[in-house]
Amino acid sequence: MPLARFAPGVATVRQAVVHTVARCIRLLHERTILMLMLMFCLGVGCMLWDVSRLQSNLIASIALQDASLYAQALTEFRTLYTSEVVETVRPRGIE
C-alpha cells in the first residue's frame, strides 16, 4: 500500500525534501568557489573563536598559578626570616 494513502502530507514533505536537497547540490556545483570560500571563512571564524577562548583560559590559569607561587614564596621567606633574623636578635633583647 502506498504511504500517501495513510498520510497524504508525507509524499509532499518527501518531495519538498528531495527538491531542497537537489537545489543545494545544484547550487554547490554551480557556485563551487563561492561555497568553498564560505566554508573557509566559517572555518577561520570558528578557529579564531576557539583560539580566543583557549587564550582566555590560559591567562586565567597562569594568573592563578602565579598567585599560588607568590604566596608560597612569601611563606618560605617568612619562615627563613624568622629562623635567621628573629631568632638571632631575640636573645639580645630586641623584639
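Residues numbered from 1 in each chain as written. Predicted model: local features only at pLDDT ≥ 70, side-chain atom pairs only at ≥ 80, totals over all residues. Heavy atoms only, no water.

A. Expanded view of a nonpolar patch on the surface. Side chains of Val13, Val17, Val21 and Ile25 sit close together on the surface and give an oily, nonpolar patch of about 340 Å² of accessible area. Here Val17 lies in helix α2 (residues 8-30). (Patch = residues over 30% accessible without salt bridge, like charges linked within 9 Å, V, L, I, M, F, W, Y side chains within 5 Å. Areas by Shrake-Rupley, 256 points an atom, 1.4 Å probe, with all protein chains shown as cover. Salt bridge = Lys/Arg side-chain N within 4 Å of Asp/Glu carboxyl O. Helix = DSSP H or I, 4+ residues; strand = E, 2+ residues; numbered from the N terminus.)

B. Spotlight on the pattern of salt bridges. Per the counting criterion, the structure on display carries one salt bridge. The residue Asp50 makes a salt bridge to Arg53 at a minimum N-O spacing of 2.5 Å. You can see Asp50 and its partner Arg53 sitting in helix α3 (residues 32-89), three residues apart, about one turn around the helix. Overall, Arg53 belongs to the partly exposed group, its relative accessible area being 37%. (Buried < 20%, exposed > 50% of the residue type's maximum accessible area, 1.4 Å probe, protein only.)

C. Spatial organisation of α3. With 58 residues, α3 ought to run about 86 Å at 1.5 Å a step, and its terminal C-alpha atoms sit 83 Å apart, in line with that. Helix geometry: α3 is bent most strongly at Thr82, by close to 35°. (Expected span 1.5 Å × (residues − 1). Bend = angle between axes of the 7 residues up to and from the residue.)

This is a description of form; function is not addressed.
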